[in-house]
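# Inside the fold
Listed here are the chains, written in short residue letters.
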Amino acid sequence: MPDEPIRCSWCGNDPLYQAYHDQEWGQPQHDDRHLFEMLILEGAQAGLSWITILRRREGYRRVFHHFDPQRVAVMSDDELAQALQDPGIIRNRQKVASARDNARAFLAIQAQHGSFDRWLWDHVQGQPVVRPPAAREHLATSPLSDQISRELKKAGMRFVGSTIIYAYLQATGVVNDHMPDCFLHPQHRLG
């Protein structure tokens with residue numbers, strides 16, 4: 001049996017967590033629908049563990065129209081109330097309602113900038129912020145997450161505080177925060 005690669009310690013031994021770490025987390029994402037999905041999921045995660053959300057991801061996809069922001073933006077109050085009955089998601093009234101508000105703000109940002117992707121990645125000139133190899137601390141926020149959080153709140157989004165947005169930036173690869181000994185840290189891909 002081949003040796004397991006060294007991963008960031010947060011993903012532990014759970015196969016779902018490891019697959020998410022290996023195939024998605026920290027990888028630059030540019031698809032607007034995926035960027036919207038991660039905004040909703042990161043907001044849903046507030047106060048919970050990420051594995052809890054990963055285990056319910058398919059439920060969220062079903063309830064929120066596979067994260068089509070146009071469809072989520074027009075969800076009726078009745079649809080949102082029905083979503084609160086679905087055991088496949090976290091049934092928090094404020095978080096469920098925020099999905100519709102956030103979809104509307106997301107669409108407004110798309111309309112103003114051509115795409116949410118362009119708006120988001122313009123904050124880093126199109127290049128991921130990479131954790132320096134010597135960095136050992138785990139950040140919860142940064143000046144970048146502070147700025148993006150303020151802009152999203154001003155646009156009308158909820159559940160987009162700086163800590164949530166920092167996790168979002170990590171998840172979408174805007175910030176590559178793989179630990180230096182992780183096989184996915186960019187220093188291990190050189191050469």
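About the criteria used
- Residues numbered from 1 in each chain as written.
- Predicted model: local features only at pLDDT ≥ 70, side-chain atom pairs only at ≥ 80, totals over all residues.
- Heavy atoms only, no water.
- Helix = DSSP H or I, 4+ residues; strand = E, 2+ residues; numbered from the N terminus.
- Expected span 1.5 Å × (residues − 1).
- Bend = angle between axes of the 7 residues up to and from the residue.
- Buried < 20%, exposed > 50% of the residue type's maximum accessible area, 1.4 Å probe, protein only.
- Contact = heavy atoms within 4.5 Å.
- Polar contact = N/O pair within 3.5 Å; in protein donor to acceptor, adjacent residues only side chain to side chain.
- Disulfide = S-S within 2.5 Å.

For the rest of this paragraph, the subject is helix α7 (residues 93-113). With 21 residues, α7 extends 30 Å from end C-alpha to end C-alpha; this agrees with the ideal 30 Å at 1.5 Å per step. The largest bend in α7 is about 25 degrees, located at Ala-99. All of the buried residues along α7 are Lys-95, Val-96, Ser-98, Ala-99, Arg-100, Asn-102, Ala-103, Ala-105, Phe-106 and Ile-109. Residues of α7 that are buried sit in contact with α2 (32-45), α5 (69-73), α6 (77-83), α8 (116-122) and α9 (143-155). One side-chain oxygen of the residue at the start of α7 lies 3.0 Å from the amide nitrogen of Gln-94, identifying that residue as Asn-92. A positive phi of about 90 degrees marks Gly-114, the residue just after α7.

Here the focus is the state of the cysteines. In this structure the tally under the stated criterion is 0 disulfides. The thiol sulfur of Cys-11 is not disulfide-bonded, and the nearest other cysteine sulfur, from Cys-8, lies at 6.6 Å. Between Cys-182, a free cysteine, and Cys-8, which holds the nearest cysteine sulfur, the sulfur-to-sulfur gap is 3.8 Å. Judged by relative accessible area, Cys-182 falls into the buried class, the value being 0%.

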